[in-house]
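A look at the structure
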Amino acid sequence: MQIRPFELERYFARHEFSAKYLLGSSDPEAMSIADLLAFEPGSEEELKRVWLGYTESLGDPALRRDIAGLYESVAPEEILVFTGAEEPIFAFMHAVLEPGDHLVVHFPGYQSHYSVAQSRGIEVSHWHGNPNRNWAPDLVELPELIRSKTRAILICTPHNPTGYLFDRSSWQQVIEIARERDLYLFCDEVYRGTEHDPADQLPHLADHYEKGISLNCLSKNCGLAGLRTGWIATKDRDIYNRLATFKDYLTICNCAPGEYLAGIAVRNMPQIFEQQRVRLVSNLNLLAEFFARHTDLFSWQRPRAGTVTFPRYLGGSALEFCDWLVAETGIMLIPGTFFDMPGEYLRFGYGRASFADALARLDAYLAG
Amino acid sequence: MKIINKILFVSLLAGAVITTGCGSEPPAPQAQPSAVESADMKPADVKIDGNAAGTNISLPGGIKIQTGEGGAKVNLPGINIDTTETGAKVSMPGVEVTTEGDKATVNMPGMSVTSDGANSNVDMGEIKVNTDGTDSNVSVGDMKIDVKDGETTIQTPDSGEKTNTDAE
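Residues numbered from 1 in each chain as written. Chains lettered and ligands numbered in written order. Predicted model: local features only at pLDDT ≥ 70, side-chain atom pairs only at ≥ 80, totals over all residues. Heavy atoms only, no water.

**So, the overall build of chain B**
- Counting its regular elements, chain B contains one helix and 14 strands.
- Buried residues in chain B amount to 17% of all 168 residues.
- Summarising the internal contacts of chain B: among those between residues at least 6 apart in sequence, 9% fall at separations of at least 24.
- A total accessible area of about 11600 Å² is found for chain B, and carbon and sulfur atoms account for 57% of it. (Helix = DSSP H or I, 4+ residues; strand = E, 2+ residues; numbered from the N terminus. Buried < 20%, exposed > 50% of the residue type's maximum accessible area, 1.4 Å probe, protein only. Contact = heavy atoms within 4.5 Å. Areas by Shrake-Rupley, 256 points an atom, 1.4 Å probe, with all protein chains shown as cover.)

**Considering the overall build of chain A**
- Of regular secondary structure, chain A possesses 13 helices and 15 strands.
- Residues counted as buried form 58% of the 368 residues belonging to chain A.
- At a minimum sequence separation of 6, the contacts of chain A that also span at least 24 residues come to 74%.

**As for the pattern of salt bridges**
Residues and elements named next belong to chain A.
- In this structure the tally under the stated criterion is 21 salt bridges over all chains.
- With a closest N to O distance of 3.2 Å, E180 and R181 form a salt bridge.
- Accessibility expressed as a relative area gives 33% for R181, which makes it partly exposed.
- Salt-bridge contacts for D182 lead to K211; the nearest nitrogen and oxygen are separated by 3.3 Å. Here D182, found in the loop between α8 (168-180) and β7 (184-188), pairs with K211, found in the loop between β7 and β8 (212-217); they are 29 residues apart in sequence, far enough to count as distant. (Salt bridge = Lys/Arg side-chain N within 4 Å of Asp/Glu carboxyl O.)

**Side note on the packing of aromatic side chains**
Residues and elements named next belong to chain A.
- By the definition in use, this model includes 23 aromatic pairs over all chains.
- Judged by centre distance (6.1 Å) and plane angle (35 degrees), the rings of W127 and F166 are tilted. Placement of the pair is W127 in strand β4 (residues 123-130) and F166 in the loop between β6 (150-156) and α8, with a sequence separation of 39 residues. Residue W127 shares its accessibility class with F166, and that shared class is buried.
- Ring geometry for F310 and Y345: centres 5.7 Å apart, planes at 20 degrees, overall stacked. Remark: Y345 occurs in the loop between β14 (334-335) and β15 (346-349) and F310 occurs in the loop between β11 (308-309) and β12 (312-313); sequence separation between them is 35 residues. Judged on exposure class, the residue F310 and its partner Y345 are both buried.
- Among the aromatic residues, ring-to-ring pairing joins F290, F291, F298, W300, Y313, F321, W324, F348 and Y365 into one connected group.
- Its guanidinium or amino end placed over the ring of Y240, R237 lies 4.3 Å from that ring's centre, counting from NZ or CZ.
- Taking NZ or CZ as reference, K247 lies 5.6 Å from the ring centre of F82, over its face. (Phe/Tyr/Trp six-rings, centres within 6.5 Å; stacked < 30°, edge-to-face > 60°. Lys NZ or Arg CZ within 6 Å of the ring centre and 35° of its normal.)

**Some points on the sheet that holds β14(A)**
Residues and elements named next belong to chain A.
- Overall, antiparallel pairing links the three strands, which are arranged β11-β15-β14 in an open sheet. Each edge of the open sheet is held by one strand with a lone partner, namely β11 and β14.
- As paired strands, β11 and β15 are joined by two bridges and run antiparallel to one another. When the sheet's bridge partners are listed, T309 is paired in β15 with F348. (Pairing = 2+ DSSP bridges.)

**Observations regarding unusual backbone geometry**
Residue and element names in this part refer to chain A.
- In this chain, T157 is followed by P158 through a cis amide linkage whose omega measures -10 degrees.
- Tracing the backbone shows P158 in the loop between β6 and α8.
- The omega torsion of the bond from N160 to P161 falls at 15 degrees, within 30 degrees of zero and hence cis.
- Tracing the sequence through the fold places P161 in the loop between β6 and α8.
- A positive phi is found at I252, a non-glycine position, where the angle reads about 65 degrees.
- Within the element layout of this structure, I252 appears in the loop between α9 (237-247) and α10 (256-267).
- Overall, the relative accessible area of 43% leaves I252 in the partly exposed class.

Pasting the structure below:
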């Protein structure tokens, strides 16, 4: 079966050269290698000594130790390092699920979460976030979606594209629903660390569910998308081995300098998170003021986490608005069409340093 | 390429207009017998008045030519040409060309051309071309090309943030 084109990526590719002001991107402000090395004096010399032979397939042992240190109880041997977060999603859908299985996916969402599965003949049901409840999905609905063939539930928190963050109680209920039915629970945690109030941060799933798979990377929380470093944490040995075995047909092993640099990021995550959080909150305050000025055009509820938000556009087709906007002004927003939600919703991303300028341009254009 | 074509076209048009305004010397009429003995043109339609101060010629079709000391005027339907000893003005709907000594201006909708000695400027809104005879600069929106002291520098517009993916 053919895999569907990744609509969001195709949209980015289409506007690669015309979009001057990216107001819909999910990755926060990035940093240079020099910025990252500055966290650890002497690391520049160490980087020069990084050996450029093959690396260990499971990930650099030192990096796995550092990553495991982020978890309450996950051991280094329960960490499997990949290239970005796309690769482990792809591996999970191939190595763990079988054609004919059923998967429940938090929706709207990142297309990889369901299109890869569908391409393998895995049936997918959407567990919808409710826009009238700031995109909280209905916990009563979740058990109703589960069938005899259901093998896994996939959630994303903090959520892309809505910014929804499960509260601790709801998150615990999802775990219990999965546990009662002996289902795998795959939690995309790549936006973890972007909680606007750090006190709202949820624990890692892998620390709290024996059949849980925590997915993380450095792209969305640290602004280090160029490192292409992601990982899986799981205490389920069978899942771990299946993913490790499948990885032999993907990248096999990771980029050596990338793993070295990723180690610096992981060891200095609190400071990096704080830098990003300050910018996110500041930008989100500007966005709140913007939406207050344009209540005739947008309906919005403030998210508690993430780098993105998914307001409702009241002026008609969000796709037409976004297409017109990028063509006329170079300002790029992401219409909900590319999250398989055609109609009224669109995504704003507020993690970039250029956000204020881009938003001011949009504001001026709408006012003019 | 479109921009270059537009400049070329407008330059040619401006050149044509200026040529019209300056008026190259027409060849002297040959004394040849008319095949038709002025069947349609009645002598009464041509009026020529002349004295020491100048000459007025009126031709069918609303053409009037006046010459006098230091200048001449030619009026055709929709076109006026006025020359003095040092300059000329050609007007037609939407287009005005003026020359005075070594200064010249051409104005037409969406475009103006001015020259003063060695300096020339072309302004087409987003497109501007300037030269002082030695150095030149061209701007197209945010893109700027400067030629100074034989060196060319090109400043391209900020192409925005570099990213083409939203990958996790």
